[in-house]
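Single-letter residue listing:
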Amino acid sequence: MARTLLNTLFVQTQGAYIHLDGETLKVRIEKQLKLQVPLHHLGGITVFGNVQLSPFLLHRCAEDGRSVVWCDAYGRFKARMEGPTSGNVLLRREQYRATENEELATRLARRFIEGKVRGGRYVVQRAYRDYKEAILLQTTDSLGELITKITKETDLGALRGLEGAAASQYFNAFPAMLRVDDITFDGRQRRPPRDPVNAVLSFVYSLLTTDCTSALESVGLDPQMGFLHSLRPGRPALALDLMEEFRHPFADRLVLSLFNRQQVKSVDFIERPGGAVLMNESARKTVLTAYQKRKQDEVGHPLIQGTVPIGLLPFIQARLLARFIRGDLEHYIPYRWR
């Protein structure tokens, strides 16, 4: 798979070869030409896994100041090549300034929270259509009211309070979306997870955080300098910010599907002394496989003609976020699931 999104070429097909023919970049798969695009149309190239680039193309990208990013086949950031003049230092300078700008930081935090709550409402709405549980309809309505408040709130502390209220209502409705008899869910518990559902949620959230960190690294943003989540040594605060718009519609729906389809069962978990519940090796492989498969599913994006794989959404949103921080966009708009 190879496609151009937001002036960046993404190549995911294993064994692909990218080279330059005059001023035209060409992508070949098994020696067959699959895509060609004028080089001057591209601001960067991102490749995943076993994708080869010709030395001449790499030299040309370095000369032009065009970035090349390497990720592994699962989307984890590996390296980035920049030419002698790089805009990353300027972008990061603007990012650090933005974190000190209370008004700008609050604007971004509001967008991340809005994206998270809209995503949660989308999940509950979908579940209500399937199960017709009263609590799901009530939660849909209450989350809608909170979204209205979030879009008008200008105080960061109050926004965090609204986010907490939304999370409480969302997870209160979570058991109604879990359609299995032998597994219970008594609310979100992180450290350590106390039941199978929390164990899988934590694992999938960690995978999603890694993907969002890779997406931010690929555009030159510092994953640790966030706007909504507090700054701590070693904490990828901006990656946690970015993942909010994917947390419920992508991660939670995947976890619900795994349990409801009985791809993971109660026998797949181990309880440790102290009450911590962990997945066994078989369950971990099942979840990883389902996670990677789900990332290949195609969805629409309002700024892209046609559809894109879910796995590329964090990379697209990271580019939009970088453009906003640089001042090229008036607003950052979180991805809206439909």
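Residues numbered from 1 in each chain as written. Predicted model: local features only at pLDDT ≥ 70, side-chain atom pairs only at ≥ 80, totals over all residues. Heavy atoms only, no water.

A. Geometry of helix 7 (residues 237-260). When the terminal C-alpha atoms of helix 7 are compared, their 32 Å separation across 24 residues agrees well with the 34 Å that a helix rising 1.5 Å per residue should span. Its maximal kink placed at Arg-247, helix 7 deviates by approximately 65°, while the proline Pro-249 follows within four residues. For helix 7, the tally of buried residues reaches 21 of 24 residues, placing the bulk of the element in the interior. After helix 7 finishes, the residue Gln-262 shows a positive phi value of roughly 60°. (Helix = DSSP H or I, 4+ residues; strand = E, 2+ residues; numbered from the N terminus. Expected span 1.5 Å × (residues − 1). Bend = angle between axes of the 7 residues up to and from the residue. Buried < 20%, exposed > 50% of the residue type's maximum accessible area, 1.4 Å probe, protein only.)

B. A look at the sheet that holds strand 5 (residues 32-38). Judged by pairing direction, the sheet is mixed, and its 4 strands sit side by side in the order 5-4-3-7 without closing on themselves. Taken across any chain shown, the strands that pair with only one partner, and hence form the sheet edges, are strand 5 and strand 7 (52-53). Looking at chain direction, strand 3 (residues 17-21) and strand 7 are connected through 2 bridges and run parallel. Within the sheet, the bridge partner assigned to Ile-18 lies in strand 7 and is Leu-53. (Pairing = 2+ DSSP bridges.)

C. Main features of the nonpolar core. Judged by nonpolar contacts, the single largest core of 90 residues is most densely connected at Met-177, Val-200, Leu-221, Phe-246, Phe-259 and Leu-321. Every residue in contact with Phe-246, bar those within four places of it in the chain, is listed here: Leu-208, Cys-212, Ala-251, Leu-313, Pro-314, Gln-317, Tyr-335 and Trp-337. Listed in part, the 19 residues of the second largest apolar core include Leu-9, Ile-45, Leu-53 and Val-68. (Core = buried A, V, L, I, M, F, W, Y, C linked by side-chain atoms within 4.5 Å. Contact = heavy atoms within 4.5 Å.)

D. Inspection of the pattern of salt bridges at higher detail. All told, the structure shown has 18 salt bridges when counted by the stated rule. Of the charged contacts, one joins Arg-97 and Glu-94 as a salt bridge, the two residues approaching to 3.1 Å between their closest N and O atoms. Residue Arg-97 and its partner Glu-94 are located together in helix 2 (residues 88-100), separated by 3 residues, close to a single helical turn. For Arg-97, a relative accessible area of 49% gives the class partly exposed. (Salt bridge = Lys/Arg side-chain N within 4 Å of Asp/Glu carboxyl O.)

E. Region of the structure containing helix 4 (residues 134-152). Taking 1.5 Å per residue as the helical rise, helix 4 with its 19 residues ought to reach 27 Å, and the 28 Å between its terminal C-alpha atoms agrees with that figure. Turning to helix 4, its buried residues are Leu-136, Thr-139, Thr-140, Ser-142, Leu-143, Gly-144, Leu-146, Ile-147 and Ile-150. Next to the buried residues of helix 4 lie helix 3 (102-131) and helix 5 (156-177).

F. Representation of the pairing of strand 3 in the model. Of the strand pairs in this sheet, strand 3 and strand 4 (residues 24-29) are connected by 5 bridges, and their pairing is antiparallel. Looking across to strand 4, one finds that His-19 is bridged to Lys-26. The hairpin turn running from strand 3 into strand 4, its antiparallel successor, is 2 residues long, and Gly-22 in that turn takes a positive phi close to 70°.

G. Focus on the packing of helix 6 (residues 196-219) against helix 9 (residues 313-326). Where helix 6 contacts helix 9, the axes come no closer than 8 Å and their chain directions differ by 45°. The angle between helix 6 and helix 9 places the two elements in the oblique class. The crossing of helix 6 and helix 9 is right-handed. Between helix 6 and helix 9, the residues in contact are Asp-211, Cys-212, Ser-214, Ala-215, Leu-216, Ser-218 and Val-219 and Pro-314, Phe-315, Ala-318, Arg-319, Leu-321 and Ala-322, respectively. Within the contact of helix 6 with helix 9, the residues separate by chemical class into 9 nonpolar, 2 polar and 2 charged. (Axes fitted to C-alpha atoms, helices over the stretch in contact; angles between N-to-C directions. Parallel < 35°, antiparallel > 145°, perpendicular 65-115°, else oblique. Left-handed = near helix turned anticlockwise from the far one by under 90°. Nonpolar A, V, L, I, M, F, W, Y, C, P; charged D, E, K, R; others polar.)

Such coordinate-based values are descriptive only and should not be taken to indicate function.
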